[in-house]
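Fold and contact review
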Amino acid sequence: RCNEICFKHAQWRLTEDDGQIGIADLILSNFLYTKNSKSDESVEHLLELGYIRINNLIPTDVYKCILCPTEIQRDMPIDHKRVLRVFCRERSPVGGISVKEHFEVNVVPITIAISKKFYSTMLKFCFPDRDTTAYVEEIDGKPSKKSKTKKHEKKESSFYVKNPTEKDDAEIVSE
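What you see is a predicted model; the values in this text were computed from it and never measured.

Our next topic: the overall build of the protein chain. Scanning the protein chain from terminus to terminus reveals four helices and seven strands. Starting at the N terminus, the α and β elements of the protein chain follow one another as β-β-β-β-β-β-β-α-α-α-α. Expressed as a percentage of the 175 residues in the protein chain, the buried residues total 25%. Counting contacts in the protein chain only where the partners sit at least 6 residues apart, residues at least 24 apart contribute 48% of the total. Surface summary for the protein chain: the accessible area is close to 13400 Å², and the carbon and sulfur share equals 55%.

The next subject is the packing of aromatic side chains. Enumeration according to the criterion identifies one aromatic pair in this entry. Residues Phe-7 and Phe-31 carry aromatic rings whose centres are separated by 4.9 Å and whose planes lie at 15° to one another, so their mutual orientation is stacked. With Phe-7 in strand E1 (residues 2–15) and Phe-31 in strand E2 (residues 22–37), the pair connects residues that are 24 residues apart, well separated along the chain. The class of Phe-7 is partly exposed, set by a relative accessible area of 25%. Relative accessible area serves as the criterion here: at 18%, Phe-31 is assigned to the buried category.

For the rest of this paragraph, the subject is the pattern of salt bridges. Scanning the model with the defined rule gives eight salt bridges in all. The closest approach of N and O atoms between Glu-44 and Arg-89, which form a salt bridge, is 3.1 Å. With a gap of 45 residues between them, Glu-44 in strand E3 (residues 43–56) and Arg-89 in strand E5 (residues 84–94) connect regions that are remote in the sequence. Classification of Glu-44 as buried rests on a relative accessible area of 18%.

The next thing to look at is unusual backbone geometry. Even without glycine at this site, Asn-30 takes up a positive phi of about 55°. Its location among the elements puts Asn-30 in strand E2. A positive phi is found at Glu-41, a non-glycine position, where the angle reads about 70°. With respect to the element layout, Glu-41 can be found in the loop between E2 and E3. The exposure class assigned to Glu-41 is exposed, which follows from its relative accessible area of 56%.

What follows covers the nonpolar core. For soluble globular proteins, the rule of thumb is that nonpolar side chains tend to be buried together. Counting 14 residues, the largest nonpolar core has Ile-23, Ala-24, Leu-49, Ile-52, Ile-54 and Phe-118 as its most contacted members. Elements supplying a minimum of two residues to this core: E2, E3, strand E4 (65–69) and helix H1 (116–126). No other element matches E2, which puts four residues into this core. In contact with Ile-52, other than residues within four places in its own chain, are Leu-26, Ile-27, Leu-28, Leu-67, Cys-68, Pro-69 and Val-83.

What follows covers the confidence of the model for the protein chain. Per-residue confidence for the protein chain gives a mean pLDDT of 78, with 69% of residues at or over 70. Predicted confidence for residues 147–152 stays below pLDDT 50, and this span has five contacts to residues more than four positions away or in other chains.

Cut-offs applied
- Residues numbered from 1 in each chain as written.
- Predicted model: local features only at pLDDT ≥ 70, side-chain atom pairs only at ≥ 80, totals over all residues.
- Heavy atoms only, no water.
- Helix = DSSP H or I, 4+ residues; strand = E, 2+ residues; numbered from the N terminus.
- Buried < 20%, exposed > 50% of the residue type's maximum accessible area, 1.4 Å probe, protein only.
- Contact = heavy atoms within 4.5 Å.
- Areas by Shrake-Rupley, 256 points an atom, 1.4 Å probe, with all protein chains shown as cover.
- Phe/Tyr/Trp six-rings, centres within 6.5 Å; stacked < 30°, edge-to-face > 60°.
- Salt bridge = Lys/Arg side-chain N within 4 Å of Asp/Glu carboxyl O.
- Core = buried A, V, L, I, M, F, W, Y, C linked by side-chain atoms within 4.5 Å.
- pLDDT = per-residue confidence, 0-100.

This is the structure:
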């Protein structure tokens, strides 16, 4: 049995909540994912990505290209021009536990340039319900009292609760 997902070119624009202001453009091309399930319950996964690029659309930010391949050599054979290739071969489960026979990741050199402003904007985009006011206020340059108290506030962990009847090793040795 073989499952396959592939597309030649995809382009997304990530925007603010209003849908008007762009945050980033994401370009993917030559995407291929295949999953081959064999009769002995072994499985092979293959993921290939030919090209990826993320452009920053925030107007006053320092970096305009957030992520892109550093270089793809011209003398490389056309079928090997991949930014990312992940291959995994799983044997049939042993006692219900999957066994990875082969796991391979190939990545070309990638340039990543992320500013704090872009990071904070993407954090707000990905997790809109999460309280990101400390990050947003830092971008605006208007820190509030609320964000300052959060930074200096310390919490005690209640994971381990000391039993008053038990003595620790140091108390036992000193007796």
